[in-house]
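Examination of the molecular architecture
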Amino acid sequence: MALKLNLLVENPALEDQFEYVVEESNRNAPSTLFIKGPYMMAEGVNKNKRMYPLDELRREVQRYNEEFITTGRAMGELNHPASADVDLERACHLVTEMKEDGNVFYGKSKVLTTPCGMIVRSLINDGVKVGMSSRALGTLEEGASHNVVRNLKLVAVDCVADPSFPKAFVNGILESKQWVLAENGKYEETYDKFRTSISSLPRKDVDAFLRQQILKFISNF
């Protein structure tokens, strides 16, 4: 049976500790803006009543470092989309490092010169506080007072204009969807998988085929 994963968005409790650093190589070259601060936190129960075990988060951050940060592909979007993919057209920053310090993982991001990146730069220049919020897939192990996150798969770290803003509404939207691991190793939404399966109906035994696909779709909930 396929592992059913929820899309989770989180903000670390240390959300006021973000800083903005402008670096200039020389006077003639354009400056580069960086955002630094706490990107993810383990062990503590967060505002969404979820707890990330340190070994789970450490393993996933290490994978993200190796596969995305060191290869220059760790892009994040401006605000959270309801998707498990990163939209290149909405990329606004590039995570350049993420390091563990106790139970907190601190990161540094380069603000891109993309249209969304220029919006982030303008917001910061105008005095708006922005921070980082993680977007990941995972399963929730229910407990009496909080849920424990397992099978974590970090998708991206997104830039949000107000990290302290309550996430109840966006969580309700994102967590109402579920993703499964496809045969090609990518994560796809359960409904999209169902829609793809019935896009090309067989010429014979249509009723039996539809019944099979509908039952498979229902079993994912």
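Above this text you will find the structure in question.
Here we summarise the structure given alongside this text. As the structure is a computational prediction, the values presented were derived from the model and not from experiment.

Let us now look at the overall build of the protein chain. Scanning the protein chain from terminus to terminus reveals five helices and eleven strands. When the 221 residues of the protein chain are sorted by exposure, 43% land in the buried category.

Now for the nonpolar core. Looking at soluble globular proteins, one finds that nonpolar side chains tend to be buried together. Judged by nonpolar contacts, the single largest core of 32 residues is most densely connected at Ile35, Tyr39, Leu57, Met98 and Val120. When residues of this core are traced back to their parent elements, those giving at least two are strand 3 (32-41), helix 1 (54-69), strand 6 (91-101), strand 7 (104-111), helix 2 (115-125), strand 8 (131-141) and strand 9 (147-160). Among the elements that make up this core, the one with the highest residue count is helix 1 (six residues). With residues up to four places along the chain from it excluded, the contact list for methionine 98 reads Tyr39, Val61, Tyr64, Asn65, Ile69, Phe105, Tyr106, Gly107 and Val157. By size, the runner-up hydrophobic cluster in this structure holds six residues, among which are Leu5, Leu7, Leu137 and Ala156.

This next bit is on helix 1. Along helix 1, the residues classified as buried are Leu54, Glu56, Leu57, Glu60, Val61, Arg63, Tyr64, Asn65, Phe68 and Ile69. In the core, the buried residues of helix 1 are packed alongside strand 3, strand 5 (75-77), strand 6, strand 7 and strand 9.

Inspection of the secondary structure puts valine 86 in the loop between strand 5 and strand 6. Here the alpha-carbon distance between valine 86 and valine 155, two residues 69 residues apart in the chain, equals 7.7 Å. Setting aside anything within four residues of it in sequence, one finds valine 86 in contact with Met75, Glu77, Arg135, Val155 and Ala156.

Turning next to the pattern of salt bridges. Within this structure, the stated rule accounts for ten salt bridges. Note that glutamate 77 and arginine 90 form a salt bridge whose closest N and O atoms lie 3.8 Å from each other. Remark: arginine 90 occurs in the loop between strand 5 and strand 6 and glutamate 77 occurs in strand 5; sequence separation between them is 13 residues. Residue glutamate 141 is joined to arginine 150 by a salt bridge in which the shortest nitrogen-to-oxygen separation is 3.5 Å. With a relative accessible area of 41%, glutamate 141 lands in the partly exposed category. Judged by its relative accessible area of 30%, arginine 150 is partly exposed.

Another point: the environment of histidine 80. Following the sequence through the fold, histidine 80 ends up in the loop between strand 5 and strand 6. Along the primary structure histidine 80 and aspartate 158 are separated by 78 residues, whereas in three dimensions their C-alpha atoms are 6.3 Å apart.

The next point concerns the sheet that holds strand 7. Taken together, the five strands give an open sheet; going across it, the order is 2-3-7-6-5, and neighbouring strands pair in antiparallel fashion. What marks the edges here is a single partner per strand, and that holds for strand 2 (19-23) and strand 5. If you compare each strand with its neighbour and ignore which way they point, the axes differ by 35° on average. In the packing of helix 1 onto the sheet, contacts are made with strand 3, strand 5, strand 6 and strand 7, and the angle to strand 6 comes to roughly 130°.

Although it is not a glycine, glutamate 43 sits at a positive phi angle of roughly 70°. With a relative accessible area of 40%, glutamate 43 lands in the partly exposed category. For asparagine 151, which is not glycine, the phi dihedral falls at a positive 50°. Tracing the sequence through the fold places asparagine 151 in strand 9. The partly exposed category is assigned to asparagine 151, whose relative accessible area is 38%.

Conventions we followed
- Here, residues in each chain are numbered from 1, in the same order as that chain's written sequence.
- The predicted nature of this model means local features are confined to residues of pLDDT at least 70 and side-chain atom pairs, given and counted, to a pLDDT of 80 or more, with totals for whole chains, interfaces and linings taken over all residues.
- Calculation of side-chain values draws on the structure's entire complement of heavy atoms; hydrogens and water are dropped beforehand.
- Only DSSP runs of H or I reaching four residues or more are called helices, and only runs of E reaching two or more are called strands; each is numbered from the N terminus.
- Residue exposure (1.4 Å probe, protein chains only): buried if accessible area is under 20% of the type maximum, exposed if over 50%, otherwise partly exposed.
- Buried Ala, Val, Leu, Ile, Met, Phe, Trp, Tyr and Cys residues that are joined via side-chain atoms within 4.5 Å together make up what is termed a nonpolar core.
- We call two residues in contact when some of their heavy atoms are within 4.5 Å.
- Salt bridge, as applied in this entry: a Lys or Arg side-chain nitrogen positioned within 4 Å of an Asp or Glu carboxyl oxygen.
- Paired strands, as defined in this entry, are two strands with at least two bridges between them according to DSSP.
- Each axis is a line fitted through C-alpha atoms, and for a helix only the stretch in contact is used; angles between axes span 0 to 180 degrees, taken between their N-to-C directions.

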